[in-house]
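Residue strings, one per chain:
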Amino acid sequence: MWASQRAQGVPTSVFSLMDAALGRARAAGLNVIDLSIGSSDLAPPVQALDALRDATHDPSSYRYPLFSDTRPLREAAAAYLGRRFGVQIDAEREVLPLIGAQEGLAHLLLAVTDPGDTLLLPDPCYPPYLGAAAVAGLNVIPLPLLPERGFLPDLESLPADLRPRVLLLNYPNNPTSAVADAAFFAEAAAWCRARGTLLIHDHPYAELTFGDYHAPSALEAGPDGIVELHSLSKTHHMGGFRVGFAAGDAGAIAALGRVKGAVDFHPYLGIQRAATVALGLPDHLGREGAKVFQERRDALLPALREMGWGVQTPQASMYLWARVPGLTDSVAYAVRVAETTGVALSPGRAFGPGGEGFVRFALVQPPGVLVEAAGRLGEVELTAPAPVLNQTHS
Ligand SMILES: Cc1ncc(COP(=O)(O)O)c(C=O)c1O
């Protein structure tokens, strides 16, 4: 009775189905291996934890944090962008702390669009994007990410008169693990600028990169008409701390600040101090965490390929995105896998129609556990056997 049209427009998460299936697996005594949610199992940098601990005993951290109190984190964010990507950002006008990138995106869409505006959204995509678009009342146009194009969108194939208010991109990508180079972002920025479209780049996997690969920033194309969302959830394993930042176009950042001013008071100062310390740490520390995910990738890939599943070798992120030959209902399959083996995967359909036929593994367990999970999958049929009809009632 009290749910608004807006609330009703937010799609229900497939993950609640998975949660229920895992509950049944536990009740049946199965040993559960949860690879469904991309929440890092590694510890945050100890320096960040120390900063937070010290802050909790510092009474000056207890008050509501005002904008001026966010200056150290804004400066640390600008310094990180300069050091890591060669991007010059004004810490006063072009950066704003977030309570995570997810919060940032939802409020940014409210800040820069009006109901009925058009959002060009990748399919498949991180599922909360759809909820954020529904809350903002946006008209979503799906942008297919196809394996044959390396899961990069083909902007040039879109109708010449299409002028979306926002284009949302995310590389390294969830769920496909695809990466994009600086030339791709330069082209996307030019495409947007020619149409008066704001480019939002969601960049939580910026440091979860493997080998010699370094992810670029969309802001390398200049901040005008671009906002990039950064998060410490994956790069510094601080998902539960809920902290990140938005950087880019001064007008869009100011609009975001206005909307957030009606909603929150910025993250707790202790969290801001922890994030400030984390962003100032030498970059190689972040890559040590990434190495752990690379080892896991290398353990799981051969096991999946042996089963005949199609998986590209990702250069970044914490996922394997596998095309399962013959799979037509990934949600039913993932539920059956969870119930019968205790292994929780993300069904590709959870990320949009373009994800059907795929499943996503979050590399959030040690290599041996991942291989064990793959072994259990081999026991499950791709499609459920047809129900046996009870002849006496026919
Ligand atoms: C693409 C993408 N954006 C945003 C988030 C959430 O980031 P945060 O924890 O900063 O809200 C995730 C988490 O999985 C993600 O995959």
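None of these values were measured; they are calculated from a predicted model. (Residues numbered from 1 in each chain as written. Predicted model: local features only at pLDDT ≥ 70, side-chain atom pairs only at ≥ 80, totals over all residues. Heavy atoms only, no water.)

A. Representation of the overall build of the protein. Of the regular secondary structure elements, the protein holds 13 helices and 13 strands. Carbon and sulfur atoms make up 56% of the accessible area of the protein, which amounts to about 16900 Å² in all. The averaged location of the 40 negative side-chain charges in the protein is 3 Å from the averaged location of its 30 positive side-chain charges. (Helix = DSSP H or I, 4+ residues; strand = E, 2+ residues; numbered from the N terminus. Areas by Shrake-Rupley, 256 points an atom, 1.4 Å probe, with all protein chains shown as cover. Lys, Arg positive; Asp, Glu negative; His and termini not counted. Charge placed at Lys NZ, Arg CZ, Asp CG, Glu CD.)

B. Fine view of the pairing of strand β4 (residues 139-144). By the bridge criterion, six bridges tie strand β3 (residues 118-123) to β4 in an arrangement that is parallel. Bridge pairing links L121 to P142 in β4. Of the crossover connections in this fold, the one passing from β3 over helix α6 (residues 128-135) to the parallel β4 is right-handed. (Pairing = 2+ DSSP bridges. Right-handed = clockwise from strand over helix to strand, strands pointing away.)

C. Quick look at the packing of helix α2 (residues 14-27) against helix α12 (residues 330-341). One can describe the packing of α2 onto α12 by two numbers: an axis separation of 8 Å at closest approach and a directional angle of 25°. One element, α2, and the other, α12, form an angle in the roughly parallel class. Every pair of crossing elements has a handedness; the one defined by α2 and α12 is right-handed. Two secondary-structure elements touch here, α2 through V14, L17, M18, A21, L22, R24 and A25 and α12 through V331, A334, V335, A338 and E339. Grouping the amino acids of the contact of α2 with α12 by side-chain chemistry returns ten nonpolar, no polar and two charged. (Axes fitted to C-alpha atoms, helices over the stretch in contact; angles between N-to-C directions. Parallel < 35°, antiparallel > 145°, perpendicular 65-115°, else oblique. Left-handed = near helix turned anticlockwise from the far one by under 90°. Contact = heavy atoms within 4.5 Å. Nonpolar A, V, L, I, M, F, W, Y, C, P; charged D, E, K, R; others polar.)

D. Region of interest: helix α13 (residues 367-377). Taken residue by residue, α13 has L370, A373, A374, R376 and L377 as its buried positions. Viewed along the axis of α13, the buried residues span an arc of 160°, placing them on a single side of the element. For α13, the elements touching its buried residues are β1 (33-34), α11 (283-306), α12, β11 (343-344) and β13 (358-362). (Buried < 20%, exposed > 50% of the residue type's maximum accessible area, 1.4 Å probe, protein only. Arc of directions from axis to C-beta.)

E. Summary view of the sheet that holds strand β12 (residues 346-347). An order of β9-β10-β13-β12 is seen for the four strands of this open sheet, with the pairing classed as antiparallel. A single partner strand is all that each edge strand has here, and the edge strands are β9 (310-311) and β12. Two elements, β9 and strand β10 (residues 319-323), share two bridges in a ladder whose sense is antiparallel. Paired with V311 across the two strands is A322, which belongs to β10.

F. Summary view of the side chain of T113. Along the polypeptide, T113 turns up in the loop between α5 (101-112) and β3. Engagement of the side chain of T113 in a polar contact is seen with the backbone oxygen of L109, the distance being 2.5 Å. (Polar contact = N/O pair within 3.5 Å; in protein donor to acceptor, adjacent residues only side chain to side chain.)

G. Representation of the pattern of salt bridges. By the definition in use, this model includes 18 salt bridges. Between E92 and R71 there is a salt bridge, with the nearest N and O atoms lying 2.0 Å from each other. Note that E92 is positioned in the loop between α4 (71-85) and β2 (95-98) and R71 in helix α4, a separation of 21 residues in sequence. A salt bridge links R84 to E207, with the nearest nitrogen and oxygen atoms 2.8 Å apart. Separated by 123 residues along the polypeptide, R84 in helix α4 and E207 in the loop between β6 (198-202) and β7 (226-231) bring together distant segments of the chain. Across the pair, exposure class does not vary: R84 and E207 are buried alike. What emerges from the salt-bridge pattern is a single network uniting R71, R74, E75 and E92. (Salt bridge = Lys/Arg side-chain N within 4 Å of Asp/Glu carboxyl O.)

H. Highlighting the environment of N170. With respect to the secondary-structure elements, N170 resides in the loop between β5 (166-169) and α7 (182-195). For the pair N170 and L229, spaced 59 residues apart in sequence, the C-alpha to C-alpha distance is 9.4 Å. Setting aside residues no more than four positions away along its own chain, N170 makes contact with Y129, H201, D202, P204 and Y205. Here N174 takes part through its backbone nitrogen, which lies 2.9 Å from a polar atom of the side chain of N170.

I. How the structure looks around the domain arrangement of the protein. By the assigned domains, the protein splits into domain 1 (5-43 + 286-377) and domain 2 (46-283). Centre-to-centre separation of domain 1 and domain 2, based on C-alpha positions: 25 Å. In this complex, domain 1 contributes 34 residues to the contact, which on the side of domain 2 involves 32 residues. Carbon and sulfur atoms supply 60% of the area buried between domain 1 and domain 2, which totals about 2800 Å² over both sides. When the buried surface of domain 1 facing domain 2 is broken down by residue, R287, Q315 and F351 rank first, second and third, together holding 24% of it. On the surface where domain 1 and domain 2 come into contact, there are zero salt bridges. Counting every contact that joins domain 1 to domain 2 gives 16 residue pairs in polar contact (both at pLDDT 80 or more). For the side of domain 1 that touches domain 2, the elements supplying multiple residues, two or more each, are α11, β10 and β13. Counting residues per element, the side of domain 1 that touches domain 2 draws most heavily on α11, which supplies seven residues. (Domains from an automatic or database assignment. Buried area = accessible area lost by both parts, 1.4 Å probe.)

J. Representation of the side chain of D202. Within the element layout of this structure, D202 appears in strand β6. Buried within the structure, D202 lacks any salt-bridge partner; its nearest side chain of opposite charge belongs to K234, at an N-O separation of 9.1 Å. Setting aside residues no more than four positions away along its own chain, D202 makes contact with A101, Y129, L168, L169, N170, Y171 and L229.

K. Just the site of the ligand, in detail. Around the ligand sit 15 residues in total, of which A101, D202, Y205, S231 and S233 are the nearest. Within the side chain of R242, a nitrogen or oxygen atom sits 2.7 Å from an oxygen atom of the ligand. Contact with the protein chains removes 94% of the 400 Å² of surface that the ligand exposes when unbound. Elements with a contribution of two residues or more to the shell around the ligand: α5 and α8 (232-235). Of the residues assigned to the shell around the ligand, the class counts are six nonpolar, six polar and three charged. (Near = heavy atom within 4 Å.)

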